[in-house]
Structures are given as C-alpha cells and as structure tokens.
Amino acid sequence: QVQLVESGGGLVQAGGSLRLSCAASGRTFSRSAMGWFRQAPGKEREFVAAITWNGRESNYATSVKGRFAISRDAAKNTVYLQMNSLKPEDTAIYYCAADDNAYGLATRQISYDYWGQGTQVTVSS
C-alpha cells in the first residue's frame, strides 16, 4: 500500500520555525516530483512548494517564497518543508503529494497522483 505520511506540525509563535517531513512507503518516489499544499479553515487547498525528482529545481507560492524551503532525501524516501518566519496566516493543514512526472513543478492538485493525510500547523500571534 502506497502511503505518504506527514509529520512535524504543531503550534508555534509568529516568527518561529517548523520543519515538516513527508515519509513515503509502499514504493519509491525517487523518480517523482513532490509537492506541498495547505488548506486553511474555510479556504480551498493551495499550492505551497514543489521539487523535481533530483532536487535541482523547485517552485514556491509567492506567499512563502524566501521563508519556506523544500528539499528531499532520496535515500530516506522523504521530502521536507522548512518553514521560517512563520505568520498567523500560515496556519493550515499541510499536505504532501507525489507527482509521477519526475520534472513536474505543478501548482495544481490534479497533477499529483498520491496524497498524504496532512499535518496541522498553527501559528499564534
């Protein structure tokens, strides 16, 4: 069974940092692009960041550019999202996703083939 499991969420004060992890099991995603999305209460799920299969290219939403960094460890079949300078508006459930298009940096949910269950991030003011 293919699974993506997010971890690392929690409660943090504004200005703080968190690092999210997304561990894959059931198959390797070493040839898949990976992405992070988030969904705040009452809002639609939105794109946050994506990274190509080899980690050489990445793409970010304007709202997080310069504060968040996506990376991956192929040996661990894991992708990370380092979040710095967090703001209350970053509060959301964060989801990781896998795109079997190795070079995909897609911003649309429909491009992704596998999804995790999400991890809650809450930023207090």
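In short, a report on the structure. Please read these numbers as outputs of a predicted model, since none were measured by experiment.

**Some thoughts on empty space enclosed by the protein**
To find leftover empty space, a probe the size of one water molecule is rolled over the atoms.
Moving on, step 1. Under the defined criterion, the tally for this structure stands at one cavity of 30 Å³ or more.
Moving on, step 2. The volume enclosed by the largest cavity comes to roughly 70 Å³.
Moving on, step 3. Considering the residues around the largest cavity, the lining is formed by Leu4, Cys22, Ala24, Phe29, Ser30, Met34, Arg72, Asp73, Ala74, Asn77, Thr78 and Val79.
Moving on, step 4. Looking at the lining of the largest cavity, the elements that each hand over two or more residues are strand E3 (18-25), strand E7 (68-73) and strand E8 (78-83).
Moving on, step 5. Per-class residue counts for the lining of the largest cavity are seven nonpolar, three polar and two charged.

**A closer look at the pattern of salt bridges**
Moving on, step 1. In the structure shown here, the tally under the stated rule is four salt bridges.
Moving on, step 2. Arg27 is paired through a salt bridge with Asp100; the nearest N and O atoms lie 3.0 Å apart. In this pair, Arg27 is assigned in the loop between E3 and strand E4 (33-39) and Asp100 in the loop between strand E9 (92-99) and strand E10 (114-115), connecting sequence segments 73 residues apart.
Moving on, step 3. On the basis of relative accessibility, which here comes to 27%, the residue Arg27 falls in the partly exposed class.
Moving on, step 4. Residues Arg67 and Asp90 are paired through a salt bridge, measuring 2.8 Å at the closest nitrogen-oxygen approach. In this pair, Arg67 sits in the loop between strand E6 (58-60) and E7 while Asp90 sits in the loop between E8 and E9, placing the two residues 23 residues apart along the sequence.

**As for the state of the cysteines**
Moving on, step 1. In the structure shown here, the tally under the stated rule is one disulfide.
Moving on, step 2. Covalently, Cys22 is tied to Cys96 through a disulfide, its sulfur atoms 1.9 Å apart. Handedness here is read from the sign of the S-S torsion; for Cys22 and Cys96, about 45 degrees, the answer is right-handed. Taken together, the residues span a long stretch of sequence, with Cys22 in strand E3 and Cys96 in strand E9 at a distance of 74 residues. Cys96 carries the same exposure label as Cys22, and that label is buried.

**Section: the side chain of Thr119**
Moving on, step 1. Its place among the elements puts Thr119 in strand E11 (residues 119-124).
Moving on, step 2. Exposure remark for Thr119: the relative accessible area of 12% places this residue in the buried category.
Moving on, step 3. A polar contact is formed between the side chain of Thr119 and the backbone nitrogen of Gly9, at a distance of 3.3 Å.
Moving on, step 4. Beyond its immediate stretch of four places on either side in the chain, Thr119 contacts Glu6, Ser7, Gly8, Gly9, Leu20, Ala92, Ile93 and Tyr94.

Cut-offs used in this document
Residues numbered from 1 in each chain as written. Predicted model: local features only at pLDDT ≥ 70, side-chain atom pairs only at ≥ 80, totals over all residues. Heavy atoms only, no water. 1 Å grid on protein atoms, 1.4 Å probe; cavity = no way out; pocket = protein on both sides within 12 Å on 5 of 7 lines; lining within 4 Å. Points joined across faces, edges and corners; volume = space filled by probe spheres on them. Helix = DSSP H or I, 4+ residues; strand = E, 2+ residues; numbered from the N terminus. Nonpolar A, V, L, I, M, F, W, Y, C, P; charged D, E, K, R; others polar. Salt bridge = Lys/Arg side-chain N within 4 Å of Asp/Glu carboxyl O. Buried < 20%, exposed > 50% of the residue type's maximum accessible area, 1.4 Å probe, protein only. Disulfide = S-S within 2.5 Å. Polar contact = N/O pair within 3.5 Å; in protein donor to acceptor, adjacent residues only side chain to side chain. Contact = heavy atoms within 4.5 Å.

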